[in-house]
Amino acid sequence: MLLVGDQHARGWRFALSTLANGLPFVFIIAPLLSFVVYSFFWVEGGQMHFDLTLRNYTRFFTDAIFVPVLCQTCLLCLMVSVFAVLLGYPVAFLLATLSARRKYMLLMLVLVPLLMSYIIKIYAIRSILGGNGFLNRFLLWAQLIDQPLTIFVFNLNAVLLTLTMLLIPFAILPIFLSLERIPKSLIEASIDLGASNWQTFCRVILPLSLPGVVTAASFVFVLAIGDFLTPQMVGGPSGFTFGRIIYSQFGSAFNWPFGAALSVILALVMIVVIALGNRFERRT
Amino acid sequence: MMKLSRFAYLALSALTAIVFILLYGPLLVPIASSFFEVAHGNVQWDMPSLSAYAALVHNEGIITAFLNTLIVGFCATFLSMVLGILFAIHYRNGTSPGRELMQFVIFLPFLMPPIMIGLALLIFFRETDISRSLLTVIIGHTVFVLALAYRTIVVRLKSLSASFIEASYDLGASSWQTFFYVVLPSLKSALIGSAVLCFALSFDETMITILVTGTDNTLPIRLWAMMRLGFTPDINALLALILALTTAMCILAVRYLLPTESADNAA
């Protein structure tokens, strides 16, 4: 390979391998390690103590608020991934049936919103959902309701809806890829043997696309649970999520070690979710 | 895929339409209102005007933030391209287990939630006494987008047959000549495509940036700060411009990254 056979390039080769091993170490491993180490420090009265203890972790399990908020957040993100998959599957299926040219056009249209300003999207969704927003005004105008709805204003429902709207493209892509990988011959065989389209879908296509569905769901879950800006913006005081608690430890509460410990716990939850997804994928 | 019945096709199209309303609906209202006059906080739908765009030119906070975003985007993209090529060549140069580990470490920031990468870098910068500035933002973005650049480049480099490189050496080219005349040209489309994607990701990166930035704001951070007070009409104009820009970048990325029509038919 490149630089290998060349005697003059020995120095360059050495420099290259130093760089390739050193830079990831300094800018990725070292920050993550210092992060984990920080989670064992502790803070008292605004003063940071640099001796290693487990008190951040015991606080997490003994204090009555943190475990319920984590469970609630997991449930919320689970619902986000279920909704995103349910909405994304038909789109992915339609994409898979289209001809190559139209397929990539539509796929691009699915992906463009991902590159658009995330903050402005949250803001726009918030102003549409708000008490005096577009949705309520439309429903009032259509005389479907006579009082503005408040179920989507500054609470967990609003977080659920906003995260789903933001993350649908992440659900569509893996499902689409798994549908594309299904060999055409299997579908043709099913039809030749007299199965209807619906039977072919239920017995052949759906089971074969399940790994993609699981990937999509775990993808969306991980992205949703790591998001702290959306709940901050649309959640109001009642829409408290785990991500917000972590963020507040680095802002107003100013307890970095505790925030780091909470993030380590969040990471463990995510590793479990990804591992479960992988296991399921391998089994099917 | 199978041939759909008319009913199934219509049903799927209807569901897809709903998803597209969810995806694009939130953006249409502000974009549409950017072309109209706003008075007393209400959009005057009967008064088309471009005053929002004119006001945008005079909004210095936004323009500075936009320039900062461009600087960060270009630097992070450039760095991740250069490092991506170097790391990919290093990865292909041998098969030691250390390389697999290095590859995993490079992917980590993309697999982990941004809040953790952001916090880890924040703690790291504090411990190493690097004060937060645009430089720390550039480092944060590079760490994040490098995974994507590296992945695209290494995949393309794997598909480059070793015999091309051997042929180049046999014909008397040095390592540098081989790199510039054989390897780099074959990476061209992967580089352009991933550069566009990296830039687009960096352009909208919010969660890492908000943690590692100092007093210099990038556009998303500026918008985040403004959001508490509510947006002025010129933000709608900005949104329309960003939409146009990102769509153009996305079309470019799709052109260079996705298989072309002929390759698709052949497969």
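Rules of the game
Residues numbered from 1 in each chain as written. Chains lettered and ligands numbered in written order. Predicted model: local features only at pLDDT ≥ 70, side-chain atom pairs only at ≥ 80, totals over all residues. Heavy atoms only, no water. Helix = DSSP H or I, 4+ residues; strand = E, 2+ residues; numbered from the N terminus. Rg over C-alpha atoms; globule rule 2.2 N^0.38 Å. Contact = heavy atoms within 4.5 Å. Areas by Shrake-Rupley, 256 points an atom, 1.4 Å probe, with all protein chains shown as cover. Lys, Arg positive; Asp, Glu negative; His and termini not counted. Charge placed at Lys NZ, Arg CZ, Asp CG, Glu CD. Salt bridge = Lys/Arg side-chain N within 4 Å of Asp/Glu carboxyl O. Buried < 20%, exposed > 50% of the residue type's maximum accessible area, 1.4 Å probe, protein only. 1 Å grid on protein atoms, 1.4 Å probe; cavity = no way out; pocket = protein on both sides within 12 Å on 5 of 7 lines; lining within 4 Å. Points joined across faces, edges and corners; volume = space filled by probe spheres on them. Nonpolar A, V, L, I, M, F, W, Y, C, P; charged D, E, K, R; others polar. Buried area = accessible area lost by both parts, 1.4 Å probe. Polar contact = N/O pair within 3.5 Å; in protein donor to acceptor, adjacent residues only side chain to side chain. Axes fitted to C-alpha atoms, helices over the stretch in contact; angles between N-to-C directions. Left-handed = near helix turned anticlockwise from the far one by under 90°. Expected span 1.5 Å × (residues − 1). Bend = angle between axes of the 7 residues up to and from the residue. Core = buried A, V, L, I, M, F, W, Y, C linked by side-chain atoms within 4.5 Å. Domains from an automatic or database assignment.

Draft legend 1. Main features of the overall build of chain A. Scanning chain A from terminus to terminus reveals twelve helices and two strands. Its helices and strands in sequence order give chain A the pattern α-β-β-α-α-α-α-α-α-α-α-α-α-α, from N to C terminus. Relative to the compact-globule value of 19 Å for 284 residues, chain A shows a C-alpha radius of gyration of 24 Å, a clear excess of over 25%. Projected onto its principal axes, the C-alpha coordinates of chain A cover approximately 80 × 70 × 35 Å. Of the contacts made within chain A by residues no fewer than 6 positions apart, 65% connect residues no fewer than 24 positions apart. Of the roughly 13,800 Å² that chain A leaves accessible, carbon and sulfur atoms contribute 68%. Charge-centre separation for chain A: the mean point of 17 positive side chains lies 5 Å from the mean point of 10 negative side chains.

Draft legend 2. Here's a closer look at the pattern of salt bridges. All names here are of chain A. Counted according to the given criterion, the structure contains one salt bridge over all chains. In this structure, Lys103 and Glu180 form a salt bridge, with 2.9 Å as the shortest nitrogen-oxygen distance. With Lys103 in helix H4 (residues 100-111) and Glu180 in helix H7 (residues 156-181), this pair connects stretches of sequence that are 77 residues apart. A relative accessible area of 10% means that Lys103 is categorised as buried.

Draft legend 3. Fine view of empty space enclosed by the protein. Applying the stated rule across the entire model yields five cavities of 30 Å³ or more. Space inside the largest cavity adds up to approximately 50 Å³. Around the largest cavity sit Pro113(A), Leu114(A), Lys121(A), Ile125(A), Met165(A), Leu166(A), Pro169(A), Leu22(B), Leu23(B) and Pro26(B), which together line it. Those elements that provide at least two residues to the lining of the largest cavity are helix H5 (118-129) and H7 of chain A together with helix H1 (6-33) of chain B. Classifying every residue of the lining of the largest cavity by side-chain character gives nine nonpolar, no polar and one charged.

Draft legend 4. Highlighting the interface of chain B and chain A. Taken together, the contact pairs 82 residues of chain B with 87 residues of chain A. Here chain B meets chain A over a buried area of about 8,000 Å², counting both sides, of which 81% is carbon and sulfur. Run the count over chain B and chain A and you get zero salt bridges. Inspection of the region where chain B meets chain A yields four residue pairs in polar contact (both at pLDDT 80 or more). Broken down by element, the side of chain B that touches chain A gets its largest block of residues, 15 residues, from H1(B). Considering only residue class, the side of chain B that touches chain A consists of 61 nonpolar, 13 polar and eight charged.

Draft legend 5. Inspection of the packing of helix H3 (residues 60-92) of chain B against helix H8 (residues 175-204) of chain B at higher detail. Residue and element names in this part refer to chain B. It is at 9 Å that the axes of H3 and H8 come closest, and there the two elements cross at 145°. The handedness of the crossing between H3 and H8 is right-handed. Within the contact between the two elements, H3 uses Phe66, Thr69, Leu70, Val72, Gly73, Phe74, Ala76, Thr77, Ser80, Met81, Ile85 and Ile89 and H8 uses Phe179, Leu184, Leu191, Ser194, Ala195, Cys198, Phe199, Ser202 and Phe203. The class makeup of the residues in the contact of H3 with H8 is 15 nonpolar, six polar and no charged.

Draft legend 6. The arrangement of H8(B) in detail. When the terminal C-alpha atoms of H8(B) are compared, their 38 Å separation across 30 residues is substantially less than the 44 Å that a helix rising 1.5 Å per residue should span. The principal kink in H8(B), of about 50°, is found at Lys188(B).

Draft legend 7. Representation of the environment of Ile153(B) within the structure. Residue and element names in this part refer to chain B. In this structure, Ile153 sits in helix H6 (residues 134-159). In this structure the C-alpha to C-alpha distance between Ile153 and Phe20, which are 133 residues apart in sequence, comes to 32 Å. Dropping the residues within four chain positions of it, Ile153 is found in contact with Met81, Gly84, Ile85, Ala88, Leu187 and Leu191.

Draft legend 8. Highlighting the nonpolar core. Core analysis: the biggest nonpolar cluster contains 166 residues, and Leu179(A) and Tyr150(B) have the highest contact counts within it. Per element, the largest residue contribution to this core is 16 residues, and it comes from helix H3 (residues 66-97) of chain A. Two domains each donate at least three residues to this core, and these are domain 1 (1-33) and domain 2 (62-283) of chain A.

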